[in-house]
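Each chain is listed here by its residues.
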Amino acid sequence: MEILDDPVDRLLLDNWQRDFPIIERPFAELAADLETDEQDVLRRLNWMLKSGQITRVGATCSPNTVSASTLAAMAVPPEQIDEVALIVGRELGVNHSYERENHWNLWFVVTGPDRTHVAGTLDRIRENTGLQVLDLQLVRPFNVDLGFRMSGEAAIKAAPATARIIDCSMIEFGDRDILQALTNGMAIVSRPYAKLGQELQRSEEEILRRLEVLSDAGIILRLGVIVRHRALGWRANAMIVWDLHHDEITDVGPKLATQTGVTLCYQRNPAETVWPYQLYSMIHARSREEAMASLKNALRLPELKHVPYQILFSTRCFKQTGALIALSRERAV
């Protein structure tokens, strides 16, 4: 199944969801790869942004390095789901929010510059809705680098998260400003890093140098075109949660992360008495049938035999934006 009719558009998205060039004119390099010209690439990407096929050209950061985050869930009475989702979505730090098929039916990610900010966001949501909010903090990532192919395989496989070495000591004053800007999305212009430097009152050379350092340090998880997967055909989004203990997850987590169709895999803290699940895997597919086939394949792992699990298909996406890293720009004293 081909999601985009134009072969250049397909290659543009297939080839550049990560490893985006950190050079003065990155879109010119994309154009050379695609055997077209820079203005054509800029036109295509700006159209994809305007039409909602991509969310941005920019960065995602490794979890809990320059900022804090958590996955949260609420059991919302069905007749209140729109109202509560609106309250949740108004919070600046909420960057993903989905309705899922479960008693715990509203799931969202909260991000912020630190854990205090994340906890405060959850407290406000509890106060404003009068509902319980599960705080399911990340323990270990096995694969958190999500990408999609426009033809062929559903996912663009990246190196397992457990294989990455992240050096947070390389973060310098002012880096969070750069990362927040790229998490929001860079300008799709001929010299985007010069434009970013102008906005942050820093030189283009300095922006390029810091991005090289942050990429090499593993702080930047992915730099490239961030697609809106539902708009491009991946409408069956299933979260499968597995009831396993920590030691069991150590063994099975890396194996589950490599299974065909599994696009994300990580361990989270449980919510005592109400939510025992600790291992999470995501399947993004073009249809529910395709997603279930991927799950059936994963269930062939001997380690998952007889393991209790639940499947939570998403039914609606309420919000999808970049993470909140910095509330305001860092200023030198």
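Scroll up to find the structure this text is about.
As the structure is a prediction and not an experimental result, all values here were calculated from the model.

1. Notes on the side chain of Arg268
Move 1: Relative to the helices and strands, Arg268 is located in strand 9 (residues 262–268).
Move 2: Although Arg268 is buried, it forms no salt bridge, and the closest oppositely charged side chain is Asp135 at an N-O distance of 7.2 Å.
Move 3: Among the polar contacts made by the side chain of Arg268, one reaches the main-chain carbonyl oxygen of Leu136 at a distance of 2.8 Å.
Move 4: Excluding residues within four positions of it along the chain, Arg268 makes contact with Thr70, Leu71, Leu136, Gln137, Leu138, Val139, Tyr277, Gln278 and Tyr280.

2. Focus on the nonpolar core
Move 1: Formed by 41 residues in total, the largest nonpolar core has its most connected members in Phe27, Leu45, Val57, Tyr193 and Leu223.
Move 2: Among residues more than four places away in sequence, those in contact with Phe27 are Phe20, Glu38, Val41, Leu42, Leu45, Val57, Met186, Ala187, Ile188, Val189 and Pro192.
Move 3: With 22 residues, the next largest nonpolar core counts Phe142, Leu244, Ala257 and Leu304 among its residues.

3. Looking at the pairing of strand 4 (residues 106–112)
Move 1: Counting buried positions over the seven residues of strand 4 gives six, a clear majority of the element.
Move 2: Summarising the sheet, strand 2 (residues 68–74) and strand 4 pair through seven bridges and their orientation is antiparallel. What sits directly across from Leu71, in strand 4, is Val109.
Move 3: Relative to strand 4, strand 3 (residues 94–100) runs antiparallel, the two being bridged by five bridges. Looking at the pairing, Glu99 lines up with Leu106 of strand 4.
Move 4: The antiparallel hairpin formed by strand 3 and strand 4 contains five residues in its connecting segment.

4. Some thoughts on the sheet that holds strand 10 (residues 279–285)
Move 1: With antiparallel pairing, the nine strands of this open sheet are ordered in space as 5-2-4-3-11-8-10-9-6. The open sheet has two edge strands, strand 5 (134–136) and strand 6 (138–143), and neither has a second partner. When the angles between neighbouring strand axes are averaged without regard to direction, this sheet yields 30°.
Move 2: Where strand 9 lies against strand 10, five bridges are found, and the strand directions are antiparallel. Pairing of Tyr266 across the sheet is with Tyr280, part of strand 10.
Move 3: Each of strand 2, strand 3, strand 4 and strand 11 (309–320) touches helix 4 (residues 81–89); the most contacted strand, strand 11, lies at about 65° to it.
Move 4: Along the sheet, helix 9 (residues 246–257) makes contact with strand 6, strand 8 (236–242), strand 9 and strand 10, crossing strand 6 at roughly 30°.

5. Overview of the packing of aromatic side chains
Move 1: Scanning the model with the defined rule gives five aromatic pairs in all.
Move 2: When the ring of Phe20 is compared with that of Phe27, the centres are 5.3 Å apart and the planes differ by 70°; the resulting orientation is edge-to-face.
Move 3: Since its relative accessible area comes to 4%, Phe20 is described here as buried.
Move 4: Between Trp275 and Tyr277, the ring centres sit 4.8 Å apart and the planes meet at 65°, which makes this aromatic pair edge-to-face.
Move 5: The structure contains a cluster of three or more aromatic residues connected by ring pairs, namely Trp107, Trp275 and Tyr277.
Move 6: Above the ring of Tyr98, the side-chain terminus of Arg100 is found at 5.4 Å from the ring centroid.

About the criteria used
Residues numbered from 1 in each chain as written. Predicted model: local features only at pLDDT ≥ 70, side-chain atom pairs only at ≥ 80, totals over all residues. Heavy atoms only, no water. Helix = DSSP H or I, 4+ residues; strand = E, 2+ residues; numbered from the N terminus. Buried < 20%, exposed > 50% of the residue type's maximum accessible area, 1.4 Å probe, protein only. Lys, Arg positive; Asp, Glu negative; His and termini not counted. Salt bridge = Lys/Arg side-chain N within 4 Å of Asp/Glu carboxyl O. Polar contact = N/O pair within 3.5 Å; in protein donor to acceptor, adjacent residues only side chain to side chain. Contact = heavy atoms within 4.5 Å. Core = buried A, V, L, I, M, F, W, Y, C linked by side-chain atoms within 4.5 Å. Pairing = 2+ DSSP bridges. Axes fitted to C-alpha atoms, helices over the stretch in contact; angles between N-to-C directions. Phe/Tyr/Trp six-rings, centres within 6.5 Å; stacked < 30°, edge-to-face > 60°. Lys NZ or Arg CZ within 6 Å of the ring centre and 35° of its normal.

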